[in-house]
Amino acid sequence: MAQFKALFVSTRAEYFRLELAEQLFKRGREIPLVGILAAVTCATLFQTAENKGALTIWAITFIALYAASYLALFLPRRKPNADTYAVWTRNFIWAFASYGVMWGVFTFICLESLGFWQEVALFMILFAIVSVPMPVLAYCLPAAILHPILVLGSASALLIQKSLEPGMNHETSLLVMLLVASVMSTYKQMVMAKNLVSSVDDKRRLSTSVSTIQKMKREKYQDTVTGMLNLEGMVCHMRKARLSGGTGYTLLSLKVDDLEQMYSTHTKAIVDRLVKVVARRIENPGSGALTVAHVGLGEYLILTPEQDVEAEEGTIGDLFQAFNHPYFSGTKQLYLTVSIGATSLCGDEHDESAVISKAVSAMREASKNPGNSFARYDASMSDRFNRWMGIRSQLQHAIKSNEFTVFLQPKVEIETGAVSSAEALIRWQSPTMGIVNPADFIPIAESTGDIMAVGRWVLREAALLVQNPMLPEAFSIAVNVSVKQFADPKLIDLLEEIAQQLKGTQRRIDLEITESALMLESVEVKMMLRDIERLGFGVALDDFGTGYSSLSYLTQLNADTVKLDKSFLDEIPVNTKHAAFVSSVILMAKTLGLKLVAEGVERKDQLDWLALNQCDAVQGYLFSRPLAFPDLLSWLERRTTQSEVNESQLLTVSPT
C-alpha cells in the first residue's frame, strides 16, 4: 500500500504540471467535438430493433457528457494557470475516464445484435477511439493509461464471450489480432507519452539554462543592490566610450563617509535602502543624468564627458548639494558627507583599470579631510595608494605571524607624581615594509574587518602584561576599543576570560571608547556597554571634545574617566578659548565625580596650567614616549629610585 501511494505521488508530481496542462488544453479542445460526432455515427450504424432504445439513451447521455466536459475544461476562461492547473488536470483525467466507460457501455449494448463483420467494424472503431486522442493524452500518462484500458476492456469481454461459442475460432482469432494490434499501438503511444514529457522537461531545463545565462550576463555588469552598473560594467562602458572616438572623459570616485559603519548599527535592509536612495541622488544631482556605477558599499564611480574647470566645479558642487538633504533611517534623519576624487581619461588611454585606480587614489586622499571634500589625482597619490594596498595585503599575514608589539605610555598623577596606569598602543614591525604607523594600518584594519582580530590580540597581550609581578601592586592598562569591535561576537567572551584572570587582584584592564561609538546609539552598542559594566572593566571616554554631543554622552555612559583630546591642549595656555573649554570640562568632570586625563602633554607650561586647574592626570612626551614593556619597567624603576632620593633629601634638611 505504501509503495502504491509513493508511486501515485511521484506520478502526480511528474504529470500534474502547468506546462503539461497547457498542452492538454491546447491540443484537446477538438476531442469532445469529434467524440459527439463519433457517438452519433456509432449510434446510427449499430442500431437495431433490439437495441434502438438503449442506444438512443446512450447517445443522448454521451453527447451531454461531451458537451459538459467541453464547457468545464476547454472554454478560454477555463485555461489552466499557476493556481488551477492541478485541479484542471484532475478533471481532465476524470473526463476521459468517463469517455472510456461510455464506450465500454456502447460495446455491451451492441453485443447481442452484432454479426461477424459488424464485430470487426466495432473493433476497428474502438481502435480509432483509443488511438485518436493518444497524441493529446501523451502529455498526461494517467489519462493515457486509464482511457484505453476502459475502452479495450469491453472489447476483451466481447472476445471472452466469443471464445466460449463453438465454431467461431477463426473469427475469434481475427478479433484477437485486432485487439493485440490495438494494445501494441496503445503501448507505443504510452512510450511516446513518456518521451513527450521528457522533451517538455528538456525544454524547461533549456529555458531555465538560457534565462540563467542571461541573468548571469546581467549580473556580470549590474550591481545587485542598486540595479546600476557594477565595477566590470563601468570598465566595459569606459572602453566603449573610448572606442567610440570621444575626445576624453572625467572619472569621479565618490565615497559616502562612514556608510559601512551603519551595518553594525542597522539592518542590512535599511542600509541597502539607503544605498539605493544615495544612488538615485548621484545619478541626477541637478546638472543632468550621469553614468554611475556602484562598486562597493557607499562607493561609486561617475563618468562624465570631459569638462572645463567651471563645468567640473559645477558637477562637483551638484554632487555635494545632493547630500545637503537628510536621509531617513527608520525614524532618524541622517546627514551624510562624501569624499570625491577625480582624474581624466584621455582618448588614447587604454588601461581603464589604471584610470579607476587613479580616481580611487584621489578619493582616498580627499577622505583624509572628513566632510564634503574633493581632490584631483596627481602622481604622488599612486605611491601612497600602492603603500595602502601593500599594507592591506600584508595585514592578515602580520596577524598570523605575530608581527605586532604592544607599547605602553604611562599616565602620571599630577598631584602625587605616581604612575599606576598606562595606555596600550599597538606597533607593527613589518619584515618587508619596516615600521608601519598605526595611523596608516588601523584605518585599513577597520575597513577590512581585521580590526576585530587585531583588537582581540591587543586585549590578550595587555591582560598578560598587566599581570607581570614587576609592575606596581595596583596597576591598570587602558586599551582602545574601535567602533568596529562592537560588532565582534567574540569580544564579550574574551572580556569574561580576562575578568576571570584578574579576579582577586588589584590589576585591571580599562577600555577607552570613542564618542563615535556612542553616537551610533544602536541596541548592540548599548548591550555591549552593559556587559562591559557588568564585568567590572573601567571605562574611559576617549578623545573627549571631538564629537558632536559630548556633554550628553557623559551623563549616559557609566564611565569613570574622561580623556581630553590633544588638539585642545596644543595651544594652552595661550589660546584663551581652548583654555576656557578645558577648564569647564575639568569642572564638569569634578562635578560628575569623573577622573580627567589630559593626553598629548608636551610642555611644562601645559602641565603647570593643568595642575593649577586641578586636572587629575596627564600622559605625553613631557614624561615619556610610548615604551616597550621592558623599557617601561626600567622607567618605573628610575622614577621610584628618584622619588626615594627626593624623600631622603627632604628628611635630611627638615628640622628635628
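Summarised in this report is the structure supplied together with it. None of these values were measured; they are calculated from a predicted model.

1. Thoughts on the overall build of the protein chain
Okay, so step 1: Within the protein chain, the regular secondary structure consists of 23 helices and 17 strands.
Okay, so step 2: Across the 656 residues of the protein chain, 44% fall into the buried class.
Okay, so step 3: The contacts of the protein chain with a sequence gap of at least 6 include a subset with a gap of at least 24, amounting to 71%.
Okay, so step 4: On the protein chain, roughly 33,700 Å² of surface is accessible, and the fraction owed to carbon and sulfur atoms is 59%.

2. Here we look at the packing of helix α2 (residues 18-27) against helix α5 (residues 85-110)
Okay, so step 1: It is at 9 Å that the axes of α2 and α5 come closest, and there the two elements cross at 50 degrees. Relative to α5, the element α2 lies oblique. For the pair α2 and α5, the crossing hand works out as left-handed. For the pair α2 and α5, contact is made by Leu 18, Ala 21, Leu 24 and Phe 25 and by Tyr 85, Trp 88, Thr 89 and Phe 92, respectively.
Okay, so step 2: Tallied by class, residues from the contact of α2 with α5 come to seven nonpolar, one polar and no charged.

3. A look at the pairing of strand β12 (residues 507-514)
Regular strands place side chains that alternate from one sheet face to the opposite one.
Okay, so step 1: Burial of β12 is extensive: seven of the eight residues sit out of reach of the surface.
Okay, so step 2: Note: strand β11 (residues 475-481) against β12, seven bridges, orientation parallel. Across the sheet, residue Asn 480 finds its bridge partner in β12, namely Glu 512.
Okay, so step 3: Crossover connection from β11 via helix α17 (residues 491-502) to parallel β12: handedness right-handed.

4. Side note on unusual backbone geometry
Okay, so step 1: Geometrically, the link from Ile 572 to Pro 573 is a cis peptide bond, its omega value of 5 degrees lying close to zero.
Okay, so step 2: The phi dihedral of Gln 614 falls on the positive side, at around 65 degrees, and the residue is not glycine.
Okay, so step 3: Within the secondary structure, Gln 614 sits in the loop between α22 (604-612) and β16 (617-619).

5. Here we look at helix α14 (residues 379-401)
Okay, so step 1: With 23 residues, α14 should reach 33 Å at 1.5 Å per residue; the first-to-last C-alpha distance of 33 Å fits that figure.
Okay, so step 2: Along α14, the sharpest kink reaches roughly 40 degrees, centred on Gln 394.
Okay, so step 3: Those residues of α14 that sit buried are Met 381, Phe 385, Trp 388, Gly 390, Ile 391, Leu 395 and Ala 398.
Okay, so step 4: Positive phi shows up at Asn 402, right after α14, with a value of about 60 degrees.

6. Section: the pattern of salt bridges
A side chain of one charge can pair with a side chain of the opposite charge if their charged atoms are brought near each other.
Okay, so step 1: This model, assessed by the stated rule, comprises 14 salt bridges.
Okay, so step 2: For the salt bridge of Glu 413 with Lys 595, the shortest nitrogen-to-oxygen distance reads 2.7 Å. One end of the pair, Glu 413, is in strand β8 (residues 404-413); the other, Lys 595, is in strand β15 (residues 595-599), with 182 residues separating them in the sequence.
Okay, so step 3: For Glu 413, a relative accessible area of 18% translates into the label buried.
Okay, so step 4: A salt bridge links Arg 456 to Asp 488; the shortest N-O distance between them is 2.5 Å. You can see Arg 456 sitting in helix α16 (residues 451-466) and its partner Asp 488 sitting in the loop between β11 and α17, a full 32 residues away along the chain. When sorted by exposure, Arg 456 lands in the same class as Asp 488, which is buried.
Okay, so step 5: Among the charged side chains, a network of salt bridges with common partners joins Lys 411, Glu 423, Glu 512, Lys 563 and Glu 599.

7. Brief notes about the side chain of Asn 230
Okay, so step 1: Inspection of the secondary structure assignment puts Asn 230 in the loop between α9 (169-221) and α10 (231-243).
Okay, so step 2: Relative accessible area serves as the criterion here: at 14%, Asn 230 is assigned to the buried category.
Okay, so step 3: Engagement of the side chain of Asn 230 in a polar contact is seen with the backbone nitrogen of Glu 232, the distance being 3.3 Å.
Okay, so step 4: A distance of 2.8 Å separates a polar atom in the side chain of Asn 230 from the backbone nitrogen of Gly 233.

Conventions we followed
- Residues numbered from 1 in each chain as written.
- Predicted model: local features only at pLDDT ≥ 70, side-chain atom pairs only at ≥ 80, totals over all residues.
- Heavy atoms only, no water.
- Helix = DSSP H or I, 4+ residues; strand = E, 2+ residues; numbered from the N terminus.
- Buried < 20%, exposed > 50% of the residue type's maximum accessible area, 1.4 Å probe, protein only.
- Contact = heavy atoms within 4.5 Å.
- Areas by Shrake-Rupley, 256 points an atom, 1.4 Å probe, with all protein chains shown as cover.
- Axes fitted to C-alpha atoms, helices over the stretch in contact; angles between N-to-C directions.
- Parallel < 35°, antiparallel > 145°, perpendicular 65-115°, else oblique.
- Left-handed = near helix turned anticlockwise from the far one by under 90°.
- Nonpolar A, V, L, I, M, F, W, Y, C, P; charged D, E, K, R; others polar.
- Pairing = 2+ DSSP bridges.
- Right-handed = clockwise from strand over helix to strand, strands pointing away.
- Expected span 1.5 Å × (residues − 1).
- Bend = angle between axes of the 7 residues up to and from the residue.
- Salt bridge = Lys/Arg side-chain N within 4 Å of Asp/Glu carboxyl O.
- Polar contact = N/O pair within 3.5 Å; in protein donor to acceptor, adjacent residues only side chain to side chain.

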